Structure formats: structure tokens, C-alpha cells
Amino acid sequence: MKRLLLLLALCLVAMAGDSGFCGGPFVVNVTSKSATIVWLVSGDDVIVQPPNGAAVLRSPAYRVEKTTLTGLKPNTRYEYNVPGLAGGKTSFKTAPAAPTATLAAVPFDFVAYGDNRTRPEVHQRVVNAILAHGTPDMILQSGDLVADGDDSALWATFFHIEVNLLGQAAFFPALGNHEHNSRQFYDILQKEKPYYSFDWGNAHFAVIDSDIGNVSKVESVRAAFWEEQTHWLEDDLKAHQTADFRFVAAHHPPYTAVASRQGDNPHMTALTPMLEQYHVAAGFFGHDHNYQHYLQNGIHYIVSGGGGAPLYDVDVPPPGITVKVASIENFVSVHVDGAVAHVQTITIDGKVLDEFELHGSAQPKPPAPAKTPKPAAVSGKPAKPAPSDE
């Protein structure tokens, strides 16, 4: 009950500070030339009186407002203002253009983290630590933004906590199991599907939905969805082999040091040969509320589920692939500069927990298939056979 009252208090503070606003603004679907600005506008609260004298429940009503900007310049920071919104300066930076023979790759920074749910006071401390470390160009969030994706009040709380961070960085979230595949995830974050990809300079990112349990109650529907998404992922990675880096993000990790969860995600473990085949540099995951770093056949698997949710032990690290595990709140900061990416994992108190480098592996562009000569048939008559060397 204390946590519920805190959540309601945070939402009321957000609405009181900015009349009519209950979340945002924040920027999604950012490319080198376009971006969508989103904010939540509050309506009247719904007041529910439970039986037997229990505490009154209040749930905010809100609507999603958005505007999409096009014709923007690559690698440019744009300041913007939503009329009626008080507070700090808001801005976003467009993605750098992909490098070419005459255009060098532009350095950029991003943060990967997730599982912000349940403990808003801890979530706030992690956000403060990210901002103290330095404002990234974009955020890669691995899911479980909220404890229940169907609860409107929790979305308002999430965006109130994130306001100073998402008011400066583009936002690319994955769907977690606690979002429950809720329609609110898609409406608020402007997603048509739970999987998507984007380019940022010399890097390509693919974000997939690992939460097949909430796709449908029907097993055949879940299987069909996973097959469709897996084919999409393979085609997407195959089409971006010339990028210096390929990154994949999802909620559920393929490996875990949490004893009670080992073997829980065979569908994700089954993807690892594909990630190796298409030279993925690193995967970023959540679900486990701690930090885990594995290295398997040249791919770094990073679990950063320490964004605020209650911590889990890391009691059984997988042998042979474990680099670092720790039960602590954290985020991962990545600085990409050309074909080298410098990775630091930072704890909630600002200390460096893990540090390593990734090296780009752009693959040569395959030659175009040879054109098959057309037969010289005329008026429906078969073409004469080519002269024989025999």
C-alpha cells in the first residue's frame, strides 16, 4: 500500500507541476531525418471505492498526443517546446548518417538498461546516475518499464521519473513480460509491431519481442509469431552486414546466472547460432534484475536488468562463458567511435563495474548476382541452341 501511495503521489506531482501533462514529452522512432515527439495529456482521475472500507483508489485518465517531424538534418540536436509544458529544456538528437567512402563515421553514445518497474525511488536513483555519467544520444531499454502495462497510473509514473533523461535522448524500448503485450505499450511508444530495427550511424540495431508467453493463449499462434519474427530477424541482420556493428536487444536473455531461471528461455538460446552467423557484436537483455556479462563465440551477451526492480541473486554463473556477474542496480554506457565501441557498466552509485571493448566487423558486400541472359526467341519460336564446344 505504501508503494501504491508513492506511485499516486508521483503522478499527482507530475500533473500538478505541468497542468494537463501526465508524462513526457519524449522522442521515439528517431532516424537521421525524422522523429516523433510524444506526450501524455491528463484528464480527470477515476476514483474507485473498494468494499469494506479499504483505501480509495485513483487512476488517471489520459490521452496520447504526438507529432512527427520530417526533413531533419542528420546528427543534429533540435530543441523543442510543447506549449503549456513548464520545466527544463527538452531536445533530441537525430541519428548520424551511415558512413560512406567520403563521409566518416560519427561517434555517438547510447545507454542500455531495463527493468525499471516496482521500486520508483530506486528507478529515480538509476536515472540520476545516468545523467551524472553524461547524457547519451539515445536509450536502448530492454523491457519491463512498468510492473503492469495495463495500469495507466504506472505509465505516468515511469515518464515522470524519466523526464529529464528522455527530455534529451531518443528512446528505443523492447517489450517486457510485465507490459503484458498491452495496447498501451504500442499507443504510447508509437509501435506498430513488437519488433523493429533502426540505424544509428555505423551501427544497426534490431529490437525483438522475446515475451512469447503474452502473444497469445494459443500455442500455435505463439509458434507462428516466433517463426515470423525469427525470419524477419534473419532477413534484417543479413541485409545489414556492411554496418560496422550489429546489436540485438530483447527482454529475455539466452543465458542466466539466476539458478531458478536457467533453461527458461530456450527460444532465445536457439537464436545464438544465427547471431554468430550474421556477426552480431553484442546482445542487450533484461528480465534478470542484476548485471551479467557472457562471451560466447565472439558475441558479448549483456544482461542489464538493474534499472529499479528488486534484485536477484547471481548464484550459478554458466561455466566457460561468464565474464562478470553482480547483483546490483546498473546501466551500460556505450561509446561508439568508428570500428571500436568502448563499453562501461556503471552501478547505481556511479562506480565502474565492468569495462571492455567491442570491435566492428563489417562484412564485404556480396557481389550482385549475375544476370541470366534472355533467350533470343522471336514470335514464340524457341531460341537456337548455343554453339557447342564439343
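Residues numbered from 1 in each chain as written. Predicted model: local features only at pLDDT ≥ 70, side-chain atom pairs only at ≥ 80, totals over all residues. Heavy atoms only, no water.

Participant: Could you clarify how one ought to interpret helix H2 (residues 120-133) in this entry?
Facilitator: Because an α-helix completes one turn every 3.6 residues, residues spaced three or four positions apart along the sequence face the same direction. Counted at 1.5 Å a residue, the expected span for H2 with its 14 residues is 20 Å, and the 20 Å between its end C-alpha atoms agrees. Just beyond H2, the residue with positive phi is Gly134, at close to 135°. (Helix = DSSP H or I, 4+ residues; strand = E, 2+ residues; numbered from the N terminus. Expected span 1.5 Å × (residues − 1).)

Participant: How should I be thinking about the sheet that holds strand S8 (residues 170-173) in this particular structure?
Facilitator: Within a sheet, neighbouring strands are paired by backbone hydrogen bonds and run either parallel or antiparallel to one another. Judged by pairing direction, the sheet is mixed, and its 9 strands sit side by side in the order S3-S2-S1-S8-S7-S6-S16-S17-S18 without closing on themselves. The sheet is open, and its two edges are formed by strand S3 (57-69) and strand S18 (352-359), each paired on a single side. Strand-to-strand twist across the sheet, computed as the mean angle between neighbouring axes with direction ignored, equals 30°. Against the sheet, helix H3 (residues 152-161) contacts strand S1 (21-28), strand S2 (35-48), S3 and S8, and its axis sits at roughly 55° relative to S3. (Pairing = 2+ DSSP bridges. Axes fitted to C-alpha atoms, helices over the stretch in contact; angles between N-to-C directions. Contact = heavy atoms within 4.5 Å.)

Participant: I keep staring at helix H6 (residues 219-238) and nothing clicks. Help me out?
Facilitator: In a regular helix each residue adds 1.5 Å, so 20 residues correspond to 28 Å; H6 covers 29 Å between its end C-alpha atoms and thus fits that length. Among the structural elements, strand S9 (196-200), strand S10 (203-207), strand S11 (245-249), helix H7 (266-269) and helix H8 (272-277) are those in contact with the buried residues of H6.

Participant: Looking at this model, I keep getting lost on unusual backbone geometry. Mind explaining?
Facilitator: In terms of backbone geometry, most residues other than glycine have negative phi values and most peptide bonds are trans. Looking along the chain, the bond that leaves Gly24 and enters Pro25 is cis, with omega of 5°. Non-glycine residue Asn181 carries a positive phi angle of around 55°. Relative to the helices and strands, Asn181 is located in the loop between S8 and helix H5 (183-189). Residue Asn181 is classed as partly exposed on the basis of its relative accessible area of 24%. The backbone of Asn297 sits at a positive phi, close to 50°, despite the residue not being glycine. Take Asn297: it is sitting in the loop between strand S13 (291-296) and strand S14 (299-304). (Buried < 20%, exposed > 50% of the residue type's maximum accessible area, 1.4 Å probe, protein only.)

Participant: I tried to follow the pattern of salt bridges on my own but got confused; where do I start?
Facilitator: Where charged atoms from two side chains of opposite charge come close, those side chains can pair. This model, assessed by the stated rule, comprises 6 salt bridges. The partner of Arg63 in a salt bridge is Glu65, and the shortest N-O contact between them spans 2.6 Å. By relative accessible area, Arg63 is classed as partly exposed at 47%. Residue Glu65 is classed as partly exposed on the basis of its relative accessible area, which comes to 24%. (Salt bridge = Lys/Arg side-chain N within 4 Å of Asp/Glu carboxyl O.)

Participant: Help me out: how do you make sense of the side chain of Ser216 in this one?
Facilitator: Positionally, Ser216 belongs in the loop between S10 and H6. Overall, Ser216 belongs to the buried group, its relative accessible area being 17%. Polar side-chain contacts of Ser216 include one of 3.0 Å to the backbone nitrogen of Val218. Those residues in contact with Ser216 that sit more than four places away from it in its chain are Val221 and Arg222. (Polar contact = N/O pair within 3.5 Å; in protein donor to acceptor, adjacent residues only side chain to side chain.)

Participant: Quick question: what am I supposed to make of the pairing of strand S7 (residues 138-141) here?
Facilitator: Working note: regular strand, side chains alternate between the two faces of the sheet. Burial along S7 is two-sided: the residues Met138 and Leu140 and Ile139 and Gln141 are all buried. In the sheet, strand S6 (residues 108-113) pairs with S7 via 4 bridges, with the strands oriented parallel. Its bridge partner lying in S7, Ala112 is registered against Leu140. Handedness of the crossover is the feature at issue here: the chain leaves S6, passes through H2, returns alongside S7, and the resulting connection is right-handed. When S7 meets S8, the two strands line up parallel, connected through 4 bridges. Bridging from a neighbouring strand, Ile139 pairs with Phe171 of S8. (Right-handed = clockwise from strand over helix to strand, strands pointing away.)

Participant: Teacher, can you tell me more about the sheet that holds strand S15 (residues 322-326) here?
Facilitator: The 7 strands lie next to each other as S9-S10-S11-S12-S14-S13-S15, forming an open sheet whose pairing is mixed. The sheet is open, and its two borders are formed by S9 and S15, each paired with just one other strand. Direction aside, the axes of adjacent strands within the sheet are offset by 15° on average. Direction of pairing for S10 relative to S11: parallel, over a ladder of 5 bridges. For Phe205, the partnering residue across the bridge sits in S11 and is Phe247. Against the sheet, H6 engages S9, S10 and S11, with an angle of about 180° to S10.

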